[in-house]
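# Reading the structure
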Amino acid sequence: MLHISNLHASVEGKEILRGLTLEIGPGEVHAIMGPNGSGKSTLASVLAGKEDYEITDGEVLFHGKNLLDMDPEVRAGEGLFLAFQYPVEIPGVSMVNFLRTSVNSVREYRGQDVLSAGDFLKLMNEKKKIVELDANLTKRSVNEGFSGGEKKRNEIFQMAMLEPSLCILDETDSGLDIDALRIVSEAVNKLRSPERSFLVITHYQRLLEHIVPDFVHVLYQGRIVTTGGKELALELEAKGYDWIKEGAI
Amino acid sequence: MTTTQQTVRESFIGRFKPVAANGKSLGTEARNQALSALDTLEIPGRKWEAWKYTDLRELSQREYSLATASENIDIQPFLIPGMESDLLVFVNGIFVPALSHTGKNEGRLSITPLHDLKGEDAALFESHFAQLADPQSDIFTALNTAYASGGVFICVRKGQEALAPVHLLFLTDASAKASLSQSRNLFVVEEGANATLIESSRSIGENTSLRNAVTEIFVGENATLEYVKLQADTHQASLIDRTEVYQSQSSRCFTYTITLGGELVRNSLIFKLDGQHVESHLLGAWLLDGLQHTDNYTQVHHMQPNGFSNELYKGIMDEKSTGVFNGRIHVYRDAQKTNAYQSNRNILLSDTANIFTKPQLEIYADDVKCSHGATTGRMDESALFYLRARGIPEQAARLMLVRAFAGEVIEGIQNEALRGYLSEMIEKRFE
């Protein structure tokens with residue numbers, strides 16, 4: 001479903017991704033780990049279509065289409081979802097208005113009927129339960145005044161609402177306490193399906209105890225330097241990244 | 001003054017004169033003062049601190065003629081859907097009874113076009129007229145005091161609560177020729193009374209126009225007034241507006257100045273808090289594009305102790321438009337325990353838009369809490385990306401952010417239909 005080959009991306013003239021190649025099949029869960037500055041979040045941003053990055057080489061195909069040519073909203077319509085590392089606060093835009101516009105924009109793109117106000121509320125209440133989101137949060141402005149954990153749960157809630165085929169979780173575990181981590185992981189696990197793939201970007205192994213990956217990749221200096229099964233994450237936890245760095249040189 | 005300036009000045013004043021033929025009998029003293037002030041008052045220019053960023057030279061040299069009113073105008077597009085109100089329609093500054101209707105607030109407030117004033121209301125008018133807007137202070141106030149005949153006197157009676165808002169629709173009809181008009185309002189909200197007034201400035205026609213408006217407002221002890229100005233004229237219509245508010249003890253006043261249209265719009269809004277425990281809220285937003293120019297000049301005078309004022313103005317400017325915010329809070333020596341806040345926030349949507357902002361505090365009391373500040377920036381790109389990453393098309397996402405930014409200004413408006421209407425007007429502004 002997602003083919004990344006020889007991807008090069010720079011920001012302000014500095015090359016961050018330097019020939020990244022990765023293939024994700026339907027229903028697979030891939031974890032990307034790596035030391036700080038290895039390009040993990042850049043990969044997430046480039047896939048979601050953030051404009052700050054310049055793609056200098058390589059190709060990304062999503063369901064066979066050229067992802068890099070698409071606007072961010074088109075990527076969302078095509079089924080790509082990024083759970084942000086730092087969800088943005090948007091004062092004055094209510095959660096309900098935001099979600100309804102979002103869900104209906106995506107539905108429209110996919111050729112589905114726009115949801116009525118009643119059907120939308122029903123959907124919202126149903127999906128809210130998955131992440132145990134406080135009912136009052138949807139009455140507030142987008143992410144405004146949300147705690148760190150609430151923001152991350154809100155990301156997974158939006159993921160559930162939009163029914164994507166590829167979910168990218170960018171350090172969703174950062175800033176989460178044990179309980180929030182459990183709720184977020186359980187929600188993700190509920191959303192796993194044979195058609196839905198996940199790209200889980202994380203610095204630590206603990207998230208992968210809950211969301212068990214099919215593949216673990218180590219990203220270093222903008223390239224995937226090693227790939228293994230879920231046991232690779234444990235090895236990294238025990239040995240750190242130094243041996244990867246040495247191997248890469 | 002050079003000879004050229006003198007000529008421009010005289011011909012500008014001359015265009016207003018024919019209105020004097022209306023033979024008014026009220027406010028004679030102030031009018032005489034205004035007339036004699038007109039012998040010397042100049043058209044303000046950039047050397048005047050209060051007009052530093054707004055150039056009137058070109059505007060004052062245009063050909064205008066005092067337009068007449070017509071009853072054959074479809075006012076439907078300018079009404080506020082779902083809002084029950086008393087409605088007074090003025091076309092080119094002239095009251096049009098056929099388009100107006102009152103009666104929703106019978107016995108609670110009196111609404112009288114200026115030329116119909118008589119009896120007790122006339123006496124009340126006489127004792128308040130020109131008490132706030134000094135006819136000798138500037139040429140526009142003088143011209144208005146001397147010659148304006150269209151407008152309304154509204155008195156909300158002691159202890160009464162208005163059952164419905166009063167909507168004043170000032171419609172400029174510049175479809176046949178350039179239009180010059182004036183309007184003059186006086187509102188007296190008596191002790192313990194409560195009302196909502198809406199003033200819409202709208203226009204039709206492609207010709208240029210200028211409206212010169214002065215409004216004086218007295219808010220009595222324990223009274224509450226909500227006053228909403230919707231300025232949504234065409235890009236050919238200009239407006240010079242001066243509004244002065246005088247508040248007595250424990251009164252509350254909320255003003256909302258929403259500027260969406262107009263070629264050049266100048267709003268002078270002056271508050272005098274002359275009583276203890278007075279609360280004043282000055283809210284404003286402008287959304288501009290093209291070559292539009294909007295200047296919001298405000299003064300808040302804290303004259304007595306324990307006052308509270310909160311001022312929030314937000315500007316969004318696109319293309320080659322220009323916004324000006326020039327606001328001053330003045331805390332008098334006796335006004336201890338004053339809380340006064342002022343904030344101006346702006347978004348520039350293009351490289352060619354301009355904002356001049358000048359928040360000022362002048363404090364002579366020592367036990368006060370005051371703050372002021374201004375920010376100017378671009379649209380929040382990270383918020384825009386977040387919305388787009390959730391499937392919302394770029395244009396819709398931008399509109400959402402614009403509405404959210406400006407929406408904060410109107411969220412306190414009590415009447416739901418009115419708030420919804422303004423919100424929709426803001427939303428549609430950049431569509």
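Up top is the structure.
Residues numbered from 1 in each chain as written. Chains lettered and ligands numbered in written order. Predicted model: local features only at pLDDT ≥ 70, side-chain atom pairs only at ≥ 80, totals over all residues. Heavy atoms only, no water.

This part covers the sheet that holds strand β5 (residues 65-66) of chain A. Residue and element names in this part refer to chain A. Strand order in the open sheet formed by four strands is β2-β1-β4-β5, and the pairing between neighbours is antiparallel. The sheet terminates laterally at β2 (14-24) and β5, the two strands that pair on one side only. In this structure, strand β4 (residues 54-62) lies alongside β5, joined through two bridges in antiparallel fashion. Residue pairing across strands places Phe-62 opposite Lys-65, the latter belonging to β5. Seen against the sheet, helix α1 (residues 40-48) touches β1 (2-11), β2 and β4 and runs at an angle of roughly 110° to β1. (Pairing = 2+ DSSP bridges. Helix = DSSP H or I, 4+ residues; strand = E, 2+ residues; numbered from the N terminus. Contact = heavy atoms within 4.5 Å. Axes fitted to C-alpha atoms, helices over the stretch in contact; angles between N-to-C directions.)

This part covers the pairing of strand β9 (residues 166-170) of chain A. Residues and elements named next belong to chain A. The element β9 is extensively covered by neighbouring structure, given that five of its five residues are classed as buried. Going residue by residue along β9, you find Leu-166, Ile-168 and Asp-170 tucked away on one face and Cys-167 and Leu-169 tucked away on the opposite face as well. The pairing of strand β6 (residues 80-83) with β9 spans four bridges and is parallel. Each residue of the ladder has a partner; that of Phe-81, found in β9, is Cys-167. Across five bridges, the pairing between β9 and strand β10 (residues 197-201) is parallel. From the neighbouring strand, Leu-169 faces β10, where its bridge partner is Val-200. (Buried < 20%, exposed > 50% of the residue type's maximum accessible area, 1.4 Å probe, protein only.)

What follows covers helix α4 (residues 117-130) of chain A. Residues spaced three or four apart along an α-helix point in a common direction, a consequence of the helix completing one turn every 3.6 residues. All names here are of chain A. For α4, which comprises 14 residues, the first-to-last C-alpha distance of 21 Å matches the rise-based estimate of 20 Å (1.5 Å per residue) to within 8%. By the burial criterion, the buried members of α4 are Phe-120, Leu-123, Met-124, Lys-127, Lys-128 and Ile-130. Buried residues of α4, viewed axially, fall in a sector of 135°; they line one side. Projecting away from the buried face of α4 at angles above 90 degrees are the exposed residues Lys-122 and Lys-129. Taken together, the buried residues of α4 touch α3 (95-109), α5 (148-162) and α6 (178-191). Looking one or two residues beyond α4, the residue adopting positive phi is Glu-132, at roughly 50°. (Expected span 1.5 Å × (residues − 1). Arc of directions from axis to C-beta.)

These figures come from the coordinates and say nothing about function on their own.
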